[in-house]
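The lines below spell out each chain.
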Amino acid sequence: MKRSENKTYQKLKEKSEFFCTAKWNELYLYLNHGLTNSCHHPIPQEIPIELARINPSVLHNTPHKLKQQEMMCKGLRPKECHMCWHIEDSDPNAISDRLIKSSEDMDDIEILSPDVSHKPKFVEVVFDNVCNLSCSYCDGGQSSTWANHTKKDPLVLQTDYRDLYSKVHIKPGSTIQELNDIWLRWFPEIKDNLKTLKISGGEPLRSNNCWRFLESLDDNKHISLAINSNLVVKPASIEKILTLSKKFKNLSVAASIDAPGEIGEYARQGLDYDLFMRNCETFLNHAGDTRLGIQATINILSVFGILDLFDMQIELKRKFGSKVKEIYVTMVRFPEFQSVSVLPKTIKMSLATKLHNWKDKNFIHLSENEQHYFNKVLSYLSNDPKPLVKLSPKALQKDLSSFIKYYDKYSKKSYKEIYPESFVHWIGSL
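**Student:** How should I be thinking about the overall build of the protein in this particular structure?
**Tutor:** Counting secondary structure elements, the protein contains 17 helices and 11 strands. Rg of the C-alpha trace for the protein: 21 Å, near the compact-globule value of 22 Å for 430 residues, within the 12% margin. The dimensions of the protein, computed from C-alpha atoms along their principal axes, are 55 × 50 × 45 Å. In the protein, which comprises 430 residues, the proportion classed as buried is 59%. Considering only contacts in the protein between residues 6 or more positions apart, those separated by 24 or more positions represent 77%. When the accessible surface of the protein is summed, it comes to about 18,800 Å², and 50% of that surface belongs to carbon and sulfur atoms. Looking at the protein, you have 58 positive and 53 negative side-chain charges, and the mean spots of the two groups are 1 Å apart.

This is how it looks when you write it as structure tokens:
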């Protein structure tokens, strides 16, 4: 970590141990569910549509969110922000997402207060759940493929208190039309304050709702457009988004992949790794102002490919230079049975040793933030972060075993052909 960056994070900690500017400046908007959030870690809350009809700003500034903001202003920790608190508490040297997100807007801490009309600087919007993948930690709300699995073949698990795999919560491809209309009415009000507009899914490059919205917009040269995509799409979709990106300041793509090769294809079923890499190179070879970054969600099935993932990032940076953004890595907390913390200590320590050995040789090739993300994975393996919801370890292990047997049915290859013998033996013993 650079000395100047270390001072920034230290200064932020001194200013507030309980403040996160993302509660004000970031919006994650789920038009398919009618939900909203200011960070991807807490569980999203419902948008009170009756208030949003009167004031579209309620898409962002819900009564719930205003209460969380008030808590932070009073020096209290909102329970929903558990992810960053347990990272910071379990390892005082770790850099949580709270610190990274707040570092750019640190001066805002002095002036921010609960405000129903506050305009975000960053918006990530999801139009529907159209998606061709069924990633292990995902569900029918985010993936139409998962919704179809759940409809035909529901899976009941003891620790699945949110019924992710036993109920179809929304139909494939659906969106709440009234909220979509409110969003279209609100966007002109916030666009001048907006720095980044990000579109996610599902798979946005397969969503008609996404294409209609982008095609309807005039030039917004001050806004950076970001797309969160699995990139398992036809080349024609790649060319189309590159053309539409001319309406914006620039285009960045967060290419979602949790591990290269067979581990990645198992953990994100439906992934065609070769197609993914070809589409990555199309973006990176584009002459315009386009950048691409790898976005990874590490869970019990992808963690075994974590070193290959960072090796892939280093190779992309070597080949394409500044066109490659920093890798972003987050850890799965829900569903709890897929958290790496469920792994037995022997496997976690073995993985941690491999990460330490790799770190000694390769850390110099990572940026400061990438080093933080790498250390976050190490922290999960080496420490024992407390879960938000207390569940029986035996029940979690039993559900993991049941899930893998279920998930195996939809995979091209069995997990037994892909994963280390120690993991296969452990799963077989549960």
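**Student:** Help me understand the packing of aromatic side chains in this model?
**Tutor:** Two numbers describe a pair of aromatic rings. These are the distance of the centres and the angle of the planes. Counting across every chain of the model gives 27 aromatic pairs. A ring pair is formed by tyrosine 28 and phenylalanine 122, whose centres lie 5.7 Å apart and whose planes are at 50°; its orientation type is tilted. Of this pair, tyrosine 28 sits in strand E1 (residues 26-30) while phenylalanine 122 sits in strand E4 (residues 122-126); the two residues are 94 residues apart in sequence, bridging distant segments of the chain. Taken individually, tyrosine 28 and phenylalanine 122 each receive the classification buried, so the pair is uniform in this respect. For the pair tryptophan 146 and tyrosine 165, a centre-to-centre distance of 5.1 Å together with 55° between the ring planes defines the contact as tilted. One end of the pair, tryptophan 146, is in helix H7 (residues 144-152); the other, tyrosine 165, is in the loop between H7 and helix H8 (177-190), and 19 residues separate them in sequence. Summarising the burial analysis for this pair, tryptophan 146 and tyrosine 165 share the class buried. Chaining the aromatic ring pairs together yields one cluster made of Trp146, Tyr165, Tyr266, Phe304, Phe337, Phe403, Tyr406, Tyr407, Tyr410, Tyr419, Phe423 and Trp426. Residue placement shows lysine 240 over the ring face of tryptophan 211; its charged tip is 4.4 Å from the ring centre.

**Student:** Even after reading the chapter, I still don't get the sheet that holds strand E8 (residues 248-256), so can you show me in this structure?
**Tutor:** Two orientations exist for strands paired in a sheet by backbone hydrogen bonds: parallel and antiparallel. Ordered by their spatial adjacency, 9 strands build an open sheet running E3-E2-E1-E4-E6-E7-E8-E10-E11, and the pairing between neighbours is mixed. A strand with exactly one partner marks an edge of an open sheet, and here the two such strands are strand E3 (45-46) and strand E11 (328-331). Pairing geometry for strand E7 (residues 220-229) and E8, over 7 bridges, is parallel. Opposite asparagine 228, over in E8, you have alanine 254 as the bridge partner. Strands in contact with helix H13 (residues 306-320) are strand E10 (290-298) and E11; relative to E10, the strand with the most contacts, it is inclined by about 170°.

**Student:** What is the right way to read H8 from this model?
**Tutor:** Three- or four-residue spacings in an α-helix give side chains the same orientation, since the helix completes a turn every 3.6 residues. Helix length check: H8, at 14 residues, gives a terminal C-alpha distance of 20 Å against a target of 20 Å (1.5 Å per residue), a fit within 8%. Those residues of H8 hidden inside the fold are in contact with E1, helix H3 (49-54), E4, strand E6 (196-200), helix H9 (208-216) and E7.

**Student:** What is the right way to read the pattern of salt bridges from this model?
**Tutor:** Opposite charge on two side chains permits pairing when their charged atoms draw close. All told, the structure shown has 16 salt bridges when counted by the stated rule. One salt bridge connects glutamate 88 with arginine 98, and the closest N-O pair in it is separated by 2.9 Å. Here glutamate 88 is found in helix H5 (residues 82-90), whereas its partner arginine 98 is found in helix H6 (residues 97-103), with 10 residues between them in sequence. Residue glutamate 88 is classed as buried on the basis of its relative accessible area of 14%. Accessibility expressed as a relative area gives 2% for arginine 98, which makes it buried.

**Student:** What exactly am I supposed to notice about the nonpolar core here?
**Tutor:** One broad rule of soluble globular proteins: the nonpolar side chains tend to lie buried together. Within the largest apolar cluster, 120 residues are counted, with the highest numbers of intra-cluster contacts made by Trp183, Leu197, Leu214, Ile294, Leu343, Tyr419 and Phe423. Residues within four places of phenylalanine 423 in sequence aside, it is in contact with Ile300, Leu301, Phe304, Leu343, Ile347, Ile404 and Tyr415. Trp24, Met72, Cys81 and Met106 belong to the second-largest nonpolar core, a separate cluster that totals 10 residues.

**Student:** I would appreciate a short explanation of the pairing of E6 in the present structure.
**Tutor:** Two faces make up the sheet, and in a regular strand the side chains alternate between them. Burial analysis of E6 places 4 of its 5 residues in the buried class, which makes it a mostly covered element. Pairing of E4 with E6 involves 5 bridges; the strand directions are parallel. Paired with valine 125 across the bridge in E6 is isoleucine 199. Summarising the sheet, E6 and E7 pair through 4 bridges and their orientation is parallel. Of the residues in E7, the one forming a bridge with lysine 198 is alanine 226. Regarding topology, H9 serves as the crossover connection from E6 to the parallel E7, and that connection is right-handed.

**Student:** I'm lost on the packing of helix H14 (residues 345-362) against helix H15 (residues 368-382) in this one. Help?
**Tutor:** Helix-helix packing: each pair is described by the crossing angle between the helix axes and the interaxial distance. Where H14 contacts H15, the axes come no closer than 9 Å and their chain directions differ by 150°. Considering their axes alone, H14 and H15 lie roughly antiparallel with respect to each other. In this structure, H14 meets H15 at a crossing whose hand is left-handed. Facing Lys348, Met349, Leu351, Ala352, Leu355, His356, Trp358 and Lys359 of H14, the residues of H15 in contact are Phe374, Asn375, Val377, Leu378, Tyr380, Leu381 and Ser382.

**Student:** Could you clarify how one ought to interpret unusual backbone geometry in this entry?
**Tutor:** Phi is mostly negative for residues that are not glycine, and the peptide bonds are mostly trans. The linkage connecting glycine 201 with the following residue, glycine 202, adopts the cis geometry, with an omega of 20°. Locating glycine 202 in the fold gives a position in the loop between E6 and H9. Of note, the bond from phenylalanine 334 into proline 335 is cis; its omega dihedral lies within 30 degrees of zero at -5°. Mapped onto the elements of the fold, proline 335 is located in the loop between E11 and H14. Despite not being glycine, leucine 231 shows a phi value in the positive range, around 60°. Mapped onto the secondary structure, leucine 231 falls in the loop between E7 and helix H10 (235-244).

Here is what the cut-offs are and how they apply
Residues numbered from 1 in each chain as written. Predicted model: local features only at pLDDT ≥ 70, side-chain atom pairs only at ≥ 80, totals over all residues. Heavy atoms only, no water. Helix = DSSP H or I, 4+ residues; strand = E, 2+ residues; numbered from the N terminus. Rg over C-alpha atoms; globule rule 2.2 N^0.38 Å. Buried < 20%, exposed > 50% of the residue type's maximum accessible area, 1.4 Å probe, protein only. Contact = heavy atoms within 4.5 Å. Areas by Shrake-Rupley, 256 points an atom, 1.4 Å probe, with all protein chains shown as cover. Lys, Arg positive; Asp, Glu negative; His and termini not counted. Charge placed at Lys NZ, Arg CZ, Asp CG, Glu CD. Phe/Tyr/Trp six-rings, centres within 6.5 Å; stacked < 30°, edge-to-face > 60°. Lys NZ or Arg CZ within 6 Å of the ring centre and 35° of its normal. Pairing = 2+ DSSP bridges. Axes fitted to C-alpha atoms, helices over the stretch in contact; angles between N-to-C directions. Expected span 1.5 Å × (residues − 1). Salt bridge = Lys/Arg side-chain N within 4 Å of Asp/Glu carboxyl O. Core = buried A, V, L, I, M, F, W, Y, C linked by side-chain atoms within 4.5 Å. Right-handed = clockwise from strand over helix to strand, strands pointing away. Parallel < 35°, antiparallel > 145°, perpendicular 65-115°, else oblique. Left-handed = near helix turned anticlockwise from the far one by under 90°.

Treat this as a map of the structure, not an account of what it does.
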